[in-house]
Amino acid sequence: MRRLKCVVAYDGTDYSGFQVQPDQITVQGEIEAALRRITGEEIQIVGSGRTDAGVHARGQVFHFDTASGIPIDKWAFVLNNQLPDSIVIRSVEEADPAFHARFDVKVKEYRYCIDNGPVPDVFRHRYADHIRHPLDLEAMRRAAAHLIGEHDFTSFCSAKTFVEDKVRTVYDLRVERTGSEIWVVCRGNGFLYNMVRIIVGTLVEVGQGKRHPDEIKEILRARDREQAGKTAPAKGLTMWEVVY
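My aim in this report is to walk through the structure given alongside it, one point at a time. (Residues numbered from 1 in each chain as written. Predicted model: local features only at pLDDT ≥ 70, side-chain atom pairs only at ≥ 80, totals over all residues. Heavy atoms only, no water.)

A closer look at the pairing of strand S9 (residues 181–188)
For the record, the criterion: Relative accessibility decides the category of a residue: with a 1.4 Å probe and only protein chains considered, values under 20% of the type maximum give buried, values over 50% give exposed, and everything between is partly exposed. Strands here mean DSSP runs of E at least two residues long; helices mean DSSP runs of H or I at least four residues long; both are numbered from the N terminus. Any two strands are treated as partners once DSSP identifies two or more bridges connecting them.
Within S9, seven of the eight residues are buried, leaving the element largely enclosed by the surrounding structure. Two strands pair when backbone bridges link them, and strand S5 (residues 107–115) and S9 are joined in this way by eight bridges, in the antiparallel orientation. Looking at the pairing, Tyr-110 lines up with Cys-186 of S9. Pairing geometry for strand S8 (residues 167–178) and S9, over eight bridges, is antiparallel. Among the inter-strand pairings, Glu-176 is bridged to a residue of S9, identified as Trp-183. Between S8 and S9, which pair antiparallel one after the other, the connecting turn spans two residues, and Gly-179 there sits at a positive phi close to 60°.

Quick look at the structure:
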């Protein structure tokens, strides 16, 4: 058996997330169906993490085991021929048998795109949340600084989260502007359910003047989802990179 490590990009608009779900179209389901057609094997892939319905990926990572003798330099081509245009295998490499796409992750990076132009960009509407009114980026950056480091992020995760340990470390949280686009870049050792989208929703409220940047400290201390801002729409979020 060989263990292969793959990097995949996808447009998550039409999928019910990455992970297989009964009676739903998912990214994992499409990839596993392609692998069955190619190898005749019942292969279950293991992803570096889940993405919600509507969330995209540029650098999602997964691994799988196979007895297939397909040369390593042919795998991406063969898989892409079997996948819909919205899912693209960017690279495939041989991995150590002990490699684990989820448990070996050291850093994940997510990026959230806000279309801040006066009217929506028709070519970005699937990948960005349109906010027409100007945002105070400096206030958003001051607020973001309070979230860097190790914290209990209970206030910044969905109330549906069943994970008991909600302590995570955010290594970097930047708010950048390129033309009419605002990007929130978040790097950390792991993220809770909806965590990045709630962070973005809260920073947007700061940028709109609805909250003071220093409120973030109180929100963290409260450990109460009701204290943070709205959950930003899924379509603006992309899993950008996974580092091992």
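Here we look at the environment of Thr-51
Heads up, the rule is: Whether two residues are in contact is decided by their heavy atoms: any pair within 4.5 Å suffices. Polar contact is defined as a pair of N or O atoms within 3.5 Å, subject to the rule that within protein one atom must be able to donate a hydrogen and the other to accept it, and that residues adjacent in sequence are counted only when both atoms are side-chain atoms.
Note on placement: Thr-51 falls in the loop between strand S2 (46–47) and strand S3 (56–66). Aside from chain neighbours lying at most four places away, what touches Thr-51 is Tyr-10, Gly-17, Phe-18, His-56, Tyr-110 and Met-239. Here Tyr-10 takes part through its side chain, which lies 2.7 Å from a polar atom of the side chain of Thr-51.

What to know about the pattern of salt bridges
Threshold: Any Lys or Arg side-chain nitrogen found within 4 Å of a carboxyl oxygen on Asp or Glu counts as a salt bridge.
In total, this model carries 17 salt bridges according to the counting rule given. Its salt-bridge partner being Arg-111, residue Glu-109 comes within 2.5 Å of it at the nearest N-O pair. The buried category is assigned to Glu-109, whose relative accessible area is 4%. Here Asp-172 makes a salt bridge to Arg-174, at a shortest N to O gap of 2.4 Å. By relative accessible area, which is 28% here, Arg-174 ends up partly exposed. What emerges from the salt-bridge pattern is a single network uniting Glu-109, Arg-111, Arg-187 and Glu-241.

Structural notes on the state of the cysteines
To keep it simple, the criterion reads: In this description, a disulfide is simply a cysteine sulfur pair whose atoms lie within 2.5 Å.
Overall, the coordinates contain zero disulfides when judged by the stated rule. Of the cysteine sulfurs around Cys-113, a residue in no disulfide, the closest is that of Cys-186, at 15 Å. Among the residues examined, Cys-113 registers a relative accessible area of 0% and is labelled buried. This cysteine, Cys-186, is not joined by any disulfide, and Cys-157 carries the nearest cysteine sulfur, 14 Å off.

What about helix H2 (residues 75–82)?
Since the α-helix advances by 3.6 residues per turn, residues separated by three or four positions end up pointing in the same direction. Stated formally: Summarising the geometry, the arc corresponds to the directions from the helix axis toward the C-beta atoms.
Buried within H2 are the following residues: Trp-75, Ala-76 and Leu-79. Seen along its axis, H2 keeps its buried residues to an arc of 90°; they face one direction. Opposite the packed face of H2, turned more than 90 degrees from it, sit the exposed residues Phe-77 and Asn-81. As for H2, its buried residues are in contact with strand S1 (2–10), helix H1 (27–39), S3 and strand S4 (87–95).

What about the packing of H1 against H2?
A pair of packed helices can be characterised by two numbers: the angle between their axes and the separation between those axes. Quick note on the threshold: For helices, the fitted line uses only the C-alpha atoms of the stretch in contact; every axis is such a line through C-alpha atoms, and the angle between N-to-C directions lies from 0 to 180 degrees. Note on terminology: angles under 35 degrees are roughly parallel, angles over 145 are roughly antiparallel, angles of 65 to 115 are roughly perpendicular, and the others are oblique. A clockwise turn of the near helix away from the far one marks a right-handed crossing, whereas an anticlockwise turn of less than a right angle marks a left-handed crossing.
Closest axis-to-axis distance for the H1/H2 pair is 9 Å, and the angle between their directions is 115°. It follows that H1 is roughly perpendicular to H2 by the angle criterion. Remark: the crossing between H1 and H2 carries right-handed chirality. Touching Ala-34, Leu-35, Arg-37, Ile-38 and Thr-39 of H1 are Trp-75, Val-78, Leu-79 and Gln-82, all from H2.

Examining the layout of surface pockets
Our working rule: Lining residues are defined by having an atom within 4 Å of a point belonging to a cavity or pocket. Those points lie on a 1 Å grid over the protein atoms alone, cavities being sets where a 1.4 Å probe fits but cannot get out and pockets being open sets with protein on both sides within 12 Å along at least five of seven lines. Grid points are joined across faces, edges and corners, and a volume is the space filled by probe spheres set on the points. Residue polarity follows a fixed list, in which Ala, Val, Leu, Ile, Met, Phe, Trp, Tyr, Cys and Pro are nonpolar, Asp, Glu, Lys and Arg are charged, and the others, Gly among them, are polar.
In this structure, the largest pocket spans a volume of roughly 1,200 Å³. Those elements that provide at least two residues to the lining of the largest pocket are S2, S5 and helix H4 (195–207). For the lining of the largest pocket, the element with the most residues is H4, which contributes three residues. Taken together, Asp-129, Ile-131, Val-200, Gly-201, Val-204, Glu-205, Gln-208, Lys-210, Lys-230, Thr-231, Ala-232 and Pro-233 form the lining of the second largest pocket. Looking at the lining of the second largest pocket residue by residue, the classes come out as five nonpolar, three polar and four charged.

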